[in-house]
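Single-letter residue listing:
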Amino acid sequence: MISVIISGHGDFATALEGSSRMIFGEKDNLIAVPFLKGEGTQTLQEKYREVLGEIPLENEVLFLVDIFGGTPYNAATPYILKNKTADMVSGVNLPMLLEVLAMRDHVTLKEMLGRLKQVNEESFQVCSEHLEKIQQTNQIGEDGLL
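Residues numbered from 1 in each chain as written. Predicted model: local features only at pLDDT ≥ 70, side-chain atom pairs only at ≥ 80, totals over all residues. Heavy atoms only, no water.

Under the annotation held in an unreviewed UniProt entry, the protein chain carries the name PTS fructose transporter subunit IIA and is attributed to Priestia endophytica. Annotation of the protein chain in UniProt includes, under Subcellular location (unreviewed entry), the sentence "Cytoplasm". (UniProt positions renumbered as here; feature names shortened; annotations may be inferred.)

Pasting the structure below:
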């Protein structure tokens, strides 16, 4: 199994975890670690060490963070460098997290990372471009609904 640690600025990680619970229910080995105002890299690294101590040793670990190069990213990097069974993805969003939760029991961390690149591209949509494609194929109803 892949254990997942979500982190980001403010209450972002906690809110994202809560949103995933609305869809998937409670999940083991899914941990939100918020990075709060006034905290520094060392504080966040201590929080990471604490939650990592609760994860079974045989589990791979995936950090999902908000911003590449931000404090949550930088605080996790030393752990990633020392642990070949861990990795990190920045730019976390709800579609990405849901994909992780859906497949983490069935794939390796390396396989998951490849799929997450696709999910990120697929989840980014510009509404006007999408509607234009639909209109070109006459798939939009008279009421404007898909």
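After that view, the rundown keeps rolling.
In this structure the tally under the stated criterion is three aromatic pairs. Plain terms: the ring middles of Tyr48 and Phe63 are 5.0 Å apart, the flat faces sit at 70° to each other, and that makes the pair edge-to-face. With a gap of 15 residues between them, Tyr48 in helix α2 (residues 41-52) and Phe63 in strand β3 (residues 60-65) connect regions that are remote in the sequence. The exposure classification of Tyr48 matches that of Phe63, with both residues buried. For the pair Phe63 and Tyr79, a centre-to-centre distance of 5.9 Å together with 65° between the ring planes defines the contact as edge-to-face. Taken together, the residues Phe63 in strand β3 and Tyr79 in helix α3 (residues 71-82) connect sequence positions 16 residues apart. When its relative accessible area of 0% is taken as the criterion, Phe63 is described as buried. The class for Tyr79 is partly exposed, based on a relative accessible area of 25%. Following the ring pairs from residue to residue traces out a cluster consisting of Tyr48, Phe63 and Tyr79. (Phe/Tyr/Trp six-rings, centres within 6.5 Å; stacked < 30°, edge-to-face > 60°. Helix = DSSP H or I, 4+ residues; strand = E, 2+ residues; numbered from the N terminus. Buried < 20%, exposed > 50% of the residue type's maximum accessible area, 1.4 Å probe, protein only.)

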